[in-house]
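Spelled out, the chains give:
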Amino acid sequence: MDLDLNELEVVCRDLYVRALKILPPDIKAGFSDLQARETSATGRAILGTMVENVAVAERTQNILCQDTGIPIYNLVIGRNVAFDGAGLKAAIRRGCERATKEHSLRSSVVHPITRQNEQTSCGIRVPIIHVDFDARDETVSVEMIPKGSGSENGSFLQMLLPSDGINAVKRFVIDRVIELGGRVCPPTIVGVGIGGTSDLCMHLAKIAATRPLRSACADEDGARIEAELSRAVNELGIGPQGLGGRSTSFAVHVEIAATHITQNPVAVNIQCHSARRARATLTPGGISFD
Amino acid sequence: MAHHVLDMPIDAGHARALRIGDTVTLRKTLFGIRDATLIHMFDRDRRTRLDLVGHAVIHTAPNVHRVEPSEAAPVGYAPFCIGTTTSMRMERFTDALMDREGVRLIVGKGGMGPETLKAFAERGGAYLAIVGGAAALETTWIETIVDVDMDDLHPESLWQFAIRDFGPLLVGMDSHGGSLFADVQRDVASRRDAVIASLGAAR
Ligand code: SF4
C-alpha cells in the first residue's frame, strides 16, 4: 500500500476537530461509573454539569472545552506500507494547520521564549509526532490527542533512589495528586511512568494518561500498582474540580520500562476529564474513524 | 446557602454579601482575561480603555469566529467556544486587578490562594467557581462579544461579553476569609497518612 499523503493530511485535519468535539465512549462510561459512586452533593452536581456539557457539545456541534491543547499525533504503521517520511511529517503539520484555520480553532501554541502565536496550532517541533511500527499488514492508524494545558501543567518527574523502593513511588503519586487539587480539572486520569530514563519515564506517564479507561498495564506488577493507586486516590476526598467528593480520578494508569541499576524514576502526567482523543485507520479499503 | 442574581457591575456591599457555598447567576456584562492580558497590564503597565469598575472577570481565552461587524458582532467577533482556564496561575495579579481596575468578582476554575483571599477581605470581592472544561455549555450563556482591547495578544485579549443568565456559579472564596478550596485541602491533608498506610507505603 502506498500511503496517500493528501489523504493523510485530510485525516489529520478531521481528527483534530473530531477529538475536540466527541468524547470517547470509554470516558463517557467512566462518568457513569463515577456518578453511581459519588456521595458529595457538590460533586454530583459538578459531574452532572460535565455530562450535560458533553451533550450540549454534541447538540450544538461545538467543541467540548475551549482549550484546543497541544496537538499530538501518534502514528502506528504496519507492514508493506510505502511512504516518504519527510512528506509524512509535512502532511500531518498541514492537516493540523488546516483544522485550525478552516474551523477557526483557537491556536494555543506559542514560541516558548518570545511567546509569539503563529495562529496555526503549530510551532517549533509542534505538532508532536510519534511514529511506531507494528505487524499489521497494510494498515496505518493515526491517533490525535489535543492535550489540554490545565492537566499538562500537572506533570512531575523524580529520580528516586533504588533504596527508596516502590513505596516512595506510590507516595510520590499520592502527594502530587494532593498538590494539584482542583487545578487539573478532576476527575482525571493519573498517568504514572515507572522506570526507563528521565525522558522515557515522562513519556510513559503520557502514554498512561492517554490510555483508554478499563485497559490495564501489560506488566502484572504494573497492573497491580495501578489498581491499588486507583482505589487510593479516590479516598483522598479531592473530588470533581477539587471541591470535595470521591470522584478525584477515573483511574490511575501505570506504564513501565526497564531502568538502570542505580535508578528508580517516577513521572506523573495528568489527563483532565475532557480526556479527548480520536483515531482513524487507513487501509487499502479506505479510511475508518473509531 | 443563598442564591444571588447579580446585574453587573456591583459594589463592595454586594460582593461582601456573598458567602462560600452560595450560588450566583451573573447578568449583563462579563470581562475575559488571562495570563498574557495580566502580564501586559501589570508587569508592563499597559492601560485598557475598558472600564472594569465593579465588574466580574473570567479566566478565559475564547475560540471566536471573525465575522463582518454587525449588531450581533459589534467588533467583528462571534463567540464559538468560550470556557475557563486554571485560575491559580494568575494568583499574583488579584490585588492589582482589584486595586487599579476596581474588579469585584473573579470567575474561574480550581480556586486561588491566600493572596487572593486577602485581597477579597480588604477590598470586598469573591471567587465564583465554574465547572472547568464545560465550555460548550458555558458558551450558551454568552450573548455577544461587545468589545475587545489589547487584541495583539489574541486570543489572550481583554474581552467584553454580554451575557444572559451566566451560571449557576458556586461561591468558592469570599471576603470573610472563607475558601471551599482551602477547606477541601485541609480535609485531604488530614486523610493523606491513612491513604498512604492503606497502600502499605508509609516507609
Ligand atoms: S484542564 Fe482539560 S477540561 Fe480543564 S480547561 Fe484544560 S483542557 Fe479543558
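Chain B is annotated in an unreviewed UniProt entry as L(+)-tartrate dehydratase subunit beta of Methylobacterium trifolii. Here chain B is described in UniProt, under the heading Sequence similarities (unreviewed entry), as follows: "Belongs to the class-I fumarase family." Taken verbatim from the UniProt record of chain B, the Catalytic activity (unreviewed entry) comment is "(2R,3R)-tartrate = oxaloacetate + H2O".

Chain A appears in an unreviewed UniProt entry as L(+)-tartrate dehydratase subunit alpha from Methylobacterium trifolii. UniProt, in the comment section headed Sequence similarities (unreviewed entry), describes chain A in these words: "Belongs to the class-I fumarase family."

Colleague: Sorry, what's going on with the overall build of chain B here?
Modeller: Scanning chain B from N- to C-terminus turns up six helices and nine strands. Here the C-alpha radius of gyration of chain B, 18 Å, is about what a compact globule of 203 residues would show, namely 17 Å. Projected onto the principal axes, the alpha-carbon positions of chain B cover approximately 65 × 35 × 35 Å. Across the 203 residues that make up chain B, the buried fraction comes to 63%. Sequence separation of at least 24 residues holds for 68% of the intrachain contacts in chain B that already meet a minimum separation of 6. Taken as a whole, chain B presents about 7900 Å² of accessible surface, with 50% of it coming from carbon and sulfur. For chain B, the distance from the average site of its 22 positive side-chain charges to the average site of its 27 negative ones is 5 Å.

Colleague: Whenever I open this one, the layout of surface pockets confuses me. Can you help?
Modeller: Unoccupied space between atoms shows up once a probe the size of one water molecule is rolled over them. Computed from the structure, the largest pocket encloses a volume of approximately 1400 Å³. For the largest pocket, the lining is made up of 47 residues, of which S108, V109, V110, H111 and R115 of chain A are closest to its centre. The set of elements that each furnish at least two residues to the lining of the largest pocket consists of β1 (70–79), β2 (128–137), α5 (149–152) and α7 (198–209) of chain A together with α2 (35–43) of chain B. For the lining of the largest pocket, a count of residues per class yields 16 nonpolar, 17 polar and 14 charged.

Colleague: Just checking my understanding: could you explain the interface of chain B and chain A for this structure?
Modeller: How big an interface is tends to be stated in terms of the accessible area lost upon association of its parts. Listed per partner, the contact involves 45 residues of chain B and 45 residues of chain A. Both faces combined, the contact of chain B with chain A buries some 3600 Å², and carbon together with sulfur accounts for 59% of it. Area buried by chain B at its contact with chain A is led by F80, L137 and L199 of chain B, which between them contribute 15% of it. Put simply, chain B and chain A have one salt bridge between them. Put simply, D175 of chain A and R192 of chain B hold a salt bridge, and the shortest N to O gap is 2.7 Å. Counting across the chain B and chain A interface gives 25 residue pairs in polar contact (both at pLDDT 80 or more). Sorting the residues of the side of chain B that touches chain A by element identifies β4 (63–66), β5 (77–81), α5 (135–139) and α6 (180–198) of chain B as the ones contributing at least two each. Looking at the side of chain B that touches chain A element by element, the count peaks at nine residues for α6 of chain B. By residue class, the composition of the side of chain B that touches chain A is 25 nonpolar, 14 polar and six charged.

Colleague: Explain a nonpolar patch on the surface to me, please; I cannot follow it from the model alone.
Modeller: A cluster of nonpolar side chains, F83, V131 and F133 of chain A, forms an exposed patch at the surface whose accessible area comes to about 270 Å². For V131 of chain A, a relative accessible area of 38% corresponds to the partly exposed category.

Colleague: How do you make sense of the UniProt feature "domain: Fe-S hydro-lyase tartrate dehydratase alpha-type catalytic" (unreviewed entry) in chain A when you look at a structure like this?
Modeller: Feature annotation in UniProt places "domain: Fe-S hydro-lyase tartrate dehydratase alpha-type catalytic" (unreviewed entry) on residues 12–280 of chain A, given in this structure's numbering. End C-alpha atoms of residues 12–280 of chain A are separated by 9 Å, and the span's content is 40% helix alongside 23% strand.

Colleague: Help me understand the domain arrangement of chain A, please; the structure alone is not making it clear to me.
Modeller: Residue and element names in this part refer to chain A. Assigned domains of chain A: these are domain 1 (5–20 + 64–148 + 276–289) and domain 2 (149–271). Domain 1 and domain 2 are separated by 26 Å when their C-alpha centres are compared. On the side of domain 2, twelve residues touch domain 1, which itself brings eight residues to the contact. Here domain 1 meets domain 2 over a buried area of about 690 Å², counting both sides, of which 47% is carbon and sulfur. For domain 1, the biggest contributors to the area lost against domain 2 are K147, G148 and R277; these three give 63% of the whole. Inspection of the region where domain 1 meets domain 2 yields one salt bridge. Close ionic contact of K147 with E152 constitutes a salt bridge, the shortest N to O distance being 3.1 Å. Linking domain 1 to domain 2 there are six residue pairs in polar contact (both at pLDDT 80 or more).

Colleague: Help me out: how do you make sense of empty space enclosed by the protein in this one?
Modeller: Applying the stated criterion across every chain, the model contains three cavities of 30 Å³ or more. Of the volumes computed, that of the largest cavity is approximately 140 Å³. The wall of the largest cavity is formed by 19 residues, among which C65, D67, G150 and C185 of chain A together with K109 of chain B lie closest to the centre. Taken together, the residues of the lining of the largest cavity sort by class into three nonpolar, twelve polar and four charged. For the lining of the largest cavity, the two domains that each supply at least three residues are domain 1 (5–20 + 64–148 + 276–289) and domain 2 (149–271) of chain A. Roughly 50 Å³ of internal volume is contained in the second largest cavity. If you go around the second largest cavity, the residues you meet are V177, L180, G181, V184, P186, T188, V190, I238, T248 and I270 of chain A. Broken down by secondary-structure element, the contributors of at least two residues to the lining of the second largest cavity are α6 (165–180) and β5 (188–195) of chain A. Taken together, the residues that form the lining of the second largest cavity break down as seven nonpolar, three polar and no charged.

Calculation rules
- Residues numbered from 1 in each chain as written.
- Chains lettered and ligands numbered in written order.
- Predicted model: local features only at pLDDT ≥ 70, side-chain atom pairs only at ≥ 80, totals over all residues.
- Heavy atoms only, no water.
- UniProt positions renumbered as here; feature names shortened; annotations may be inferred.
- Helix = DSSP H or I, 4+ residues; strand = E, 2+ residues; numbered from the N terminus.
- Rg over C-alpha atoms; globule rule 2.2 N^0.38 Å.
- Buried < 20%, exposed > 50% of the residue type's maximum accessible area, 1.4 Å probe, protein only.
- Contact = heavy atoms within 4.5 Å.
- Areas by Shrake-Rupley, 256 points an atom, 1.4 Å probe, with all protein chains shown as cover.
- Lys, Arg positive; Asp, Glu negative; His and termini not counted.
- Charge placed at Lys NZ, Arg CZ, Asp CG, Glu CD.
- 1 Å grid on protein atoms, 1.4 Å probe; cavity = no way out; pocket = protein on both sides within 12 Å on 5 of 7 lines; lining within 4 Å.
- Points joined across faces, edges and corners; volume = space filled by probe spheres on them.
- Nonpolar A, V, L, I, M, F, W, Y, C, P; charged D, E, K, R; others polar.
- Buried area = accessible area lost by both parts, 1.4 Å probe.
- Salt bridge = Lys/Arg side-chain N within 4 Å of Asp/Glu carboxyl O.
- Polar contact = N/O pair within 3.5 Å; in protein donor to acceptor, adjacent residues only side chain to side chain.
- Patch = residues over 30% accessible without salt bridge, like charges linked within 9 Å, V, L, I, M, F, W, Y side chains within 5 Å.
- Domains from an automatic or database assignment.

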